Amino acid sequence: MTLPTNPAKIAVIGCGTAGPAAAILLRKQGHHVELFERAPECRAVGAGFLLQPSGMAVLRELGILDAILARAAKVKRLNIVHPDGRSLLDLHYGEIHPDLFGAGLHRPVLLEQLIAAMRSTGVHIHWGMEITDARRSHGKWEILTPNETVASGFDLLIIADGARSKLRDLASTNSINRGYPWGAHWFIGRNDGAFPEDELYQIVRGTRNLSGFLATGLGHANGDRLVSLFWSVRIADDQTWRQNPLDSWKQEILNLCPKAKGLLDQIHSWDQVLLARYGDVRMRRWHGDDIVVLGDAAHAMSPQLGQGVNLALADASCLARCLSEQPIPRALNLYQRRRRLNLWYYQLSTRWLTPWFQSDHEWLTPFRSLFFTITRHLPPARRFMTKTMAGLVFSKTPLPTKNGAG
Ligand SMILES: Cc1cc2nc3c(=O)[nH]c(=O)nc-3n(C[C@H](O)[C@H](O)[C@H](O)COP(=O)(O)OP(=O)(O)OC[C@H]3O[C@@H](n4cnc5c(N)ncnc54)[C@H](O)[C@@H]3O)c2cc1C
């Protein structure tokens, strides 16, 4: 641990991805870091997600990449097809660099490693504490729950409480938070060899039907190889679906993807099918006086490009670097400048892409086919799309190239 000349007292709100990653990196710099999380303890919940090379670079910095890759599926390709099997989009990480890949992961695997790293570096974690407000007192931050001030004297407050943040406006009053009308039903089950371990496989029909299958690596608690199912759904239709027999929902998915049968057979009740909502958060500025907002709290987006975890990790890494170079007020300005381009690009392209895959705008379907047919045959355009998928556009993170995954 390198001790800064002036170790700061730092509070982090939220133990998802951005919060713990920032806490570890800042603790490693010698700062005193306390993290506040509303959940009572580490929860073995969460969907599968695709870790990108950009996120892997940060996990390497945190010293937990190898342990995480040992439980991941090594994903080499994004393969999107029409129901009749014709290819819509087929992107291979190897087109950018032969050693590049994505990692299909069960979320608790990442969280467990982040928590272990927080404990070993000496981050003080407060579980079961929902922070509802914070205020300035004598130039420092105080942290509040509904009934009391729980901690005070913080030089820097890091808000990482996710897409539905109630605290982001402490940093800036100009935030916009819009829920998408579409989300996803999701389920994680045993793969049993039904889906290739090395791809994210999606089947699309028009803009209203999308089904995705992500190899998710080894389970959190046992050795089964998992696969995550995502099924696009209009949020307003969720309750109607749940009043119908489960079999009619399963049939819709089977119509698109017959090989999902074994996975769907593992679902016996609607309680096993969870609903993911997406939001679109925009902030003109991600920081105020000695306060900064990271991850989904600052820039939530639909998971169409699968970047949320990776951007949250990149935020944490960038903030830590800025704080190692400058005192807090200047470091926060520097952070804003350094993150602006990368976040602008991913927010814009996600917003642009989402209606092509999840919306009522069926008229977009032929334009989508035309666009992807053209770009598929133009190697520079295809490589740029692959680079976008890998999280590497306007990103300065060095590439991990030497690791393998399970
Ligand atoms: C269906 C779906 C699929 C996705 N797939 C991918 C993918 O493939 N790849 C990818 O990179 N991203 C994916 N994402 C996005 C990704 O999950 C998020 O972008 C990422 O989790 C953001 O991390 P975060 O730390 O900012 O917030 P979160 O992970 O949401 O963590 C916020 C934490 O703050 C805590 N908290 C909230 N309020 C308070 C409070 N008041 N006080 C104390 N604690 C609080 C919460 O309990 C939580 O632990 C997907 C999202 C969805 C919905």
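Residues numbered from 1 in each chain as written. Predicted model: local features only at pLDDT ≥ 70, side-chain atom pairs only at ≥ 80, totals over all residues.

### A few points about the environment of R190
Item 1. Relative to the assigned elements, R190 resides in strand 14 (residues 182-190).
Item 2. On the neighbour-count criterion, R190 (15 C-beta atoms within 10 Å) is partly exposed.
Item 3. Residues R190 and Y346, spaced 156 residues apart in sequence, show a C-alpha to C-alpha distance of 32 Å.
Item 4. The residues touching R190, leaving out its near neighbours within four places in the chain, are D224, L226 and Q266. (Helix = DSSP H or I, 4+ residues; strand = E, 2+ residues; numbered from the N terminus. Buried ≥ 20, exposed ≤ 12 C-beta atoms within 10 Å, placed from the backbone. Contact = placed C-beta atoms within 7 Å.)

### Quick word on helix 12 (residues 379-389)
Item 1. Among the residues making up helix 12, those that are buried are M385, T388 and M389. All buried residues of helix 12 lie within an arc of 100° about the axis, which places them on one face of the element. With respect to the buried face of helix 12, the exposed residues turned more than 90 degrees away are P379 and P380.
Item 2. Structurally, helix 12 contributes buried residues whose contacts are with strand 5 (77-81), strand 6 (87-92), helix 10 (328-357) and helix 11 (364-376).
Item 3. One or two steps after helix 12, the chain reaches G391, where phi turns positive at roughly 80°. (Arc of directions from axis to C-beta.)

### Brief notes about the pairing of strand 5
Item 1. In this structure, strand 5 lies alongside strand 6, joined through five bridges in antiparallel fashion. Across the sheet, the residue bridging to N79 is D90, located in strand 6.
Item 2. Hairpin remark: strand 5 followed by strand 6, antiparallel, with five residues in the connecting loop; positive phi at G85, about 95°.
Item 3. With five bridges connecting them, strand 5 and strand 15 (residues 199-205) associate as parallel partners. The residue of strand 15 that forms the bridge with R77 is E199. (Pairing = 2+ DSSP bridges.)

### What about helix 9 (residues 308-325)?
Item 1. Between its first and last C-alpha atoms helix 9 spans 26 Å; for 18 residues at 1.5 Å apiece the expected length is 26 Å, and the two agree.
Item 2. For helix 9, a buried count of 15 out of 18 residues is recorded, marking the element as mostly surrounded by other parts of the structure. (Expected span 1.5 Å × (residues − 1).)

### Brief notes about the site of the ligand
Item 1. The local shell around the ligand holds 35 residues, among which G14, G16, G162, G295 and G308 are the closest.
Item 2. When residues of the shell around the ligand are traced back to their parent elements, those giving at least two are helix 1 (18-28), strand 3 (48-51), strand 14, helix 8 (296-299) and helix 9.
Item 3. If you tally residues by element for the shell around the ligand, the top one is helix 9, at four residues.
Item 4. Along the lines of polarity and charge, the residues of the shell around the ligand split into 19 nonpolar, ten polar and six charged. (Near = placed C-beta within 6 Å. Nonpolar A, V, L, I, M, F, W, Y, C, P; charged D, E, K, R; others polar.)

### Quick word on the nonpolar core
Item 1. A22, I158, I159, L294 and A316 are the most contacted members of the largest nonpolar core, which has 115 residues in total.
Item 2. Ranked by residues supplied to this core, first place goes to helix 9 with eleven residues.
Item 3. Apart from the residues within four sequence positions on either side, L294 is in contact with A18, A22, I158, I159, A160, A312, D315, A316 and L319. (Core = buried A, V, L, I, M, F, W, Y, C linked by C-beta atoms within 7 Å.)

### Topic: the sheet that holds strand 11 (residues 149-154)
Item 1. Ordered in space as 9-10-11, the three strands form an open sheet in which the pairing is antiparallel. Strand pairing shows two members of the sheet lacking a second neighbour, strand 9 (133-137) and strand 11, which therefore form its edges. Each strand of the sheet is rotated relative to its neighbour by a mean of 20°, with strand direction disregarded.
Item 2. Two elements, strand 9 and strand 10 (residues 140-144), share five bridges in a ladder whose sense is antiparallel. The residue bridging R136 from the neighbouring strand is W141, located in strand 10. (Axes fitted to C-alpha atoms, helices over the stretch in contact; angles between N-to-C directions.)

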